[in-house]
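For reference, the chains in residue letters:
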Amino acid sequence: DTEVTQTPKHLVMGMTNKKSLKCEQHMGHRAMYWYKQKAKKPPELMFVYSYEKLSINESVPSRFSPECPNSSLLNLHLHALQPEDSALYLCASSQALFQRQFFGPGTRLTVL
Amino acid sequence: EDQVTQSPEALRLQEGESSSLNCSYTVSGLRGLFWYRQDPGKGPEFLFTLYSAGEEKEKERLKATLTKKESFLHITAPKPEDSATYLCAVQAGQGGSEKLVFGKGTKLTVNP
């Protein structure tokens, strides 16, 4: 199984809502990532987990809260988002930190 | 400052017209260089990893090469299904200060 899955595929939320994005991999990878991607831009790194511990937070606003419940799962909790947070949110995993990454299909988030 | 620059930003080819995409980098301590392909609204798909100058990798119509300052992605006799954005990413740094730097991508369109 060389797949990274993400749910939901699409999410529309208001600025006062609380929602969560989920990511799962069963490749035994020990590094997992959250990226944000705006249209016609490259992926922008948000968070990195290595061995289930947060190792990198790229100065992301606190309205984004990551969680790694176990080595296969990665969540991104969203609260009080702004319209400019609308983007494609990508999850990725790799065997070791910053090596070849496998990306999920992404969650298209729209904040109204 | 670590930088990855891809050129051209966009490239239009006729089917069968071979060409090359460029990724130039200035980073401290290159650990690896990655090429990904991304279709609209989807997650990047891994193509190649290159680790040292002189290294080459091939897959179907694609060939990636690496020098000390840049990488090329050569596309031989492209087909319309090769249309996508091609992303270059460089793994740099070491021992707790590793990072992954993405280029802005080259959008390739292959016309039939």
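Here is a short report on the structure shown in this document.

A separate point is the nonpolar core. If you look at the biggest cluster of nonpolar residues, it comprises 25 residues, and the most contacted ones within it are L33(B), W35(B), L73(B) and Y86(B). Listing elements by their share of this core, those giving two or more residues are β2 (10–14), β3 (19–26), β4 (30–38), β5 (45–50), β7 (62–66), β8 (70–75), β9 (84–92) and β11 (106–111) of chain B. Per element, the largest residue contribution to this core is 5 residues, and it comes from β9(B). Look past the residues within four positions of Y86(B) in its chain and what remains in contact with it is Q6(B), L21(B), W35(B), Y36(B), R37(B), L47(B), L62(B), L73(B), G105(B), T106(B) and L108(B). Counting residues in hydrophobic clusters, the runner-up holds 24 residues, among them L11(A), C23(A), Y49(A) and Y89(A).

Here the focus is the pattern of salt bridges. Within the structure shown, the criterion is met by 8 salt bridges over all chains. Two residues, D85(A) and K36(A), come together in a salt bridge whose shortest N-O distance is 4.0 Å. Remark: K36(A) occurs in strand β4 (residues 31–37) and D85(A) occurs in the loop between β8 (73–79) and β9 (87–94); sequence separation between them is 49 residues. Here D85(A) and K36(A) have matching classes, each one buried. Between R37(B) and D39(B) there is a salt bridge; the shortest N-O distance is 3.1 Å. Taken together, the shared-partner salt bridges connect K36(A), R63(A) and D85(A) into one network.

Attention now goes to the interface of chain B and chain A. Opposite the 17 residues of chain B that make contact, chain A presents 16 residues. Counting across the chain B and chain A interface gives 0 salt bridges. The interface formed by chain B and chain A includes 3 residue pairs in polar contact (both at pLDDT 80 or more). Mapped by element, the contributors of at least two residues to the side of chain B that touches chain A are β4, β5, β9 and β10 (99–102) of chain B. In the side of chain B that touches chain A, the residues fall into 7 nonpolar, 6 polar and 4 charged.

What counts as what
Residues numbered from 1 in each chain as written. Chains lettered and ligands numbered in written order. Predicted model: local features only at pLDDT ≥ 70, side-chain atom pairs only at ≥ 80, totals over all residues. Heavy atoms only, no water. Core = buried A, V, L, I, M, F, W, Y, C linked by side-chain atoms within 4.5 Å. Buried < 20%, exposed > 50% of the residue type's maximum accessible area, 1.4 Å probe, protein only. Helix = DSSP H or I, 4+ residues; strand = E, 2+ residues; numbered from the N terminus. Contact = heavy atoms within 4.5 Å. Salt bridge = Lys/Arg side-chain N within 4 Å of Asp/Glu carboxyl O. Polar contact = N/O pair within 3.5 Å; in protein donor to acceptor, adjacent residues only side chain to side chain. Nonpolar A, V, L, I, M, F, W, Y, C, P; charged D, E, K, R; others polar.

This is a description of form; function is not addressed.
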